[in-house]
Amino acid sequence: MNAVNPAQSIRTITGSLTFAHHLDHILARCGWNRGGHRVEPGLYRLGNPGSDSPVFASANYTLSFDALRSALHDTDAWILVLDTKGINVWCAAGKGTFGTDELVRMIHVTDLPAIVSHRKIIVPQLGAPGISWPEVMRRAQFLVEYGPVRASDLPQYLKTHTATPEMRRVQFPIKDRIVLTPVEFVHLALPLVAVTAFLWFLAGPVAAFAAISAVIAGTVLFPALLPFIPTRDFSTKGLLLGGLVAVPFAASFATVPAIPLWANTLAAITALLLIPAVTAYIALNFTGCTTFTSRTGVRKEIFRYVPVMAVMAGLGIIAGLVLGISRLLGVI
């Protein structure tokens, strides 16, 4: 935004969300047009703010922006929206787009010093990894104040500008974990339909249901049970959960009558290889959605466990193809 007169480019918004906003949130949660849920970067006027009204920084991801403005629906404030490429505050802070450089740039581009009389900007706590307050002070002469984790706590926080320990605590309850499942499931839906149809033709309905179960375990059961599954790494959590899901299918395949023992054994092994590998791989995708992980930890986990998953999946596919071809040829 390189406006000649920054004051003319300030957009006016309210804290009320319309049906269109809620629909946008649903589509975003379902992974529809994943990069399109964004607002224009710049300065926004919420209510009727004056020169002494508080300034809040936000990402240009619609869910982040709407959570902030709806929480402040009774507050006159300025919202400075950074260009995070449509990514939420926490993830953008890790990627560097919700960062010091972008914050300083937007302060200058919007001519914020000429609009407010104070020199303070409130940044969400989850954006702290990307924002260096000494650098912002040095380069823009604005003091960064780190607000609470949740936007819903802002009205209470603004009374004293002091965050309680509860406001600083990052929580990840089951409702927040389950809300992550649609985007992963929708993302996998089309490949799952193709694989299910292929397995139904090649190996029968039980094999097709096994594929569906592996994906449901990774997209639904894993986030729901995340804190309760032992082990620290997401990959091993996924392997353990996938292994538990695989056991009934392995037992079923191992006891199919009227086929050779080698086929029963190979079918059981196929389930024990493929289902945990698929579930663990899907589970690994959740490392970017939670506060349970770090960038270095995720990197180590990828290098350590993805090769294991690849080997398991490769051996399982080979074993499954041997069984499927044998079945089509009438060997079993």
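In this report, we go over the structure that sits alongside the text. (Residues numbered from 1 in each chain as written. Predicted model: local features only at pLDDT ≥ 70, side-chain atom pairs only at ≥ 80, totals over all residues. Heavy atoms only, no water.)

So, the overall build of the chain
Looking only at helices and strands, the chain has 14 helices and six strands in total. Against the globule reference of 20 Å for 332 residues, the chain gives a C-alpha radius of gyration of 25 Å, more extended than a compact globule. By principal-axis analysis of the C-alpha atoms, the chain measures approximately 85 × 35 × 30 Å. Residue burial in the chain is summarised as follows: out of 332 residues, 45% are buried. Here the analysis covers contacts within the chain between residues at least 6 apart in sequence; of these, 69% occur between residues at least 24 apart. One way to put it: in the chain the 26 positive side-chain charges average out to a point 7 Å from where the 18 negative ones average out. (Helix = DSSP H or I, 4+ residues; strand = E, 2+ residues; numbered from the N terminus. Rg over C-alpha atoms; globule rule 2.2 N^0.38 Å. Buried < 20%, exposed > 50% of the residue type's maximum accessible area, 1.4 Å probe, protein only. Contact = heavy atoms within 4.5 Å. Lys, Arg positive; Asp, Glu negative; His and termini not counted. Charge placed at Lys NZ, Arg CZ, Asp CG, Glu CD.)

A few points about the side chain of S58
Structurally, the position occupied by S58 is in strand β3 (residues 55-59). Sequence-distant contacts of S58, that is, excluding residues within four places in its chain, are made with S64, F65, L68, I79, L80, V81, L82 and F98.

Re the layout of surface pockets
Approximately 1,200 Å³ is the volume found for the second largest pocket. Only α10 (181-203), α11 (205-225), α12 (234-254), α13 (261-285) and α14 (295-328) provide two or more residues apiece to the lining of the second largest pocket. With eleven residues, α13 is the largest single contributor of residues to the lining of the second largest pocket. Across the lining of the second largest pocket, the residue classes tally to 32 nonpolar, eight polar and one charged. (1 Å grid on protein atoms, 1.4 Å probe; cavity = no way out; pocket = protein on both sides within 12 Å on 5 of 7 lines; lining within 4 Å. Points joined across faces, edges and corners; volume = space filled by probe spheres on them. Nonpolar A, V, L, I, M, F, W, Y, C, P; charged D, E, K, R; others polar.)

Examining the environment of S64
Mapping S64 onto the fold places it in helix α2 (residues 62-71). Residue classification places S64 among the buried positions, given a relative accessible area of 17%. Spatially, the C-alpha atom of S64 lies 39 Å from that of A197, the residues being 133 residues apart in sequence. Non-local contacts of S64, meaning those with residues more than four positions away in its chain, are made with S58, A59, N88 and V89.

Observations regarding the nonpolar core
Judged by nonpolar contacts, the single largest core of 28 residues is most densely connected at F222, F249, F253, A271, I275 and F286. Mapped onto this core, the elements with two or more residues apiece are α11, α12 and α13. With near-sequence residues (within four places) excluded, F222 lies in contact with A217, I229, F234, K237, G238, L241, A283 and F286. In terms of nonpolar packing, the next biggest core, distinct from the first, is built from 26 residues, A57, A59, L103 and F142 among them. (Core = buried A, V, L, I, M, F, W, Y, C linked by side-chain atoms within 4.5 Å.)

Quick word on the packing of α11 against α12
Where α11 meets α12, the closest approach of the two axes is 10 Å, and the angle between their N-to-C directions is 150°. When the interaxial angle is binned, α11 and α12 end up roughly antiparallel. Crossing hand, α11 versus α12: right-handed. Contact with α11, carried on its side by V206, A207, F209, A210, S213, A217, L221, F222 and L225, involves F234, K237, G238, L241, V245, F249, S252 and F253 of α12 and no other residues of that element. Residue composition of the contact of α11 with α12, grouped by class: 13 nonpolar, three polar and one charged. (Axes fitted to C-alpha atoms, helices over the stretch in contact; angles between N-to-C directions. Parallel < 35°, antiparallel > 145°, perpendicular 65-115°, else oblique. Left-handed = near helix turned anticlockwise from the far one by under 90°.)

Things to note about the packing of aromatic side chains
All told, the structure shown has four aromatic pairs when counted by the stated rule. When the centroid spacing of 5.7 Å and the interplanar angle of 55° are considered together, the rings of F209 and F249 count as tilted. A residue pair is termed long-range when its members are at least 10 positions apart, and F209 in helix α11 and F249 in helix α12 qualify at 40 residues. With a relative accessible area of 49%, F209 lands in the partly exposed category. Members of the aromatic cluster, joined through ring pairs, are F222, F234 and F286. (Phe/Tyr/Trp six-rings, centres within 6.5 Å; stacked < 30°, edge-to-face > 60°.)

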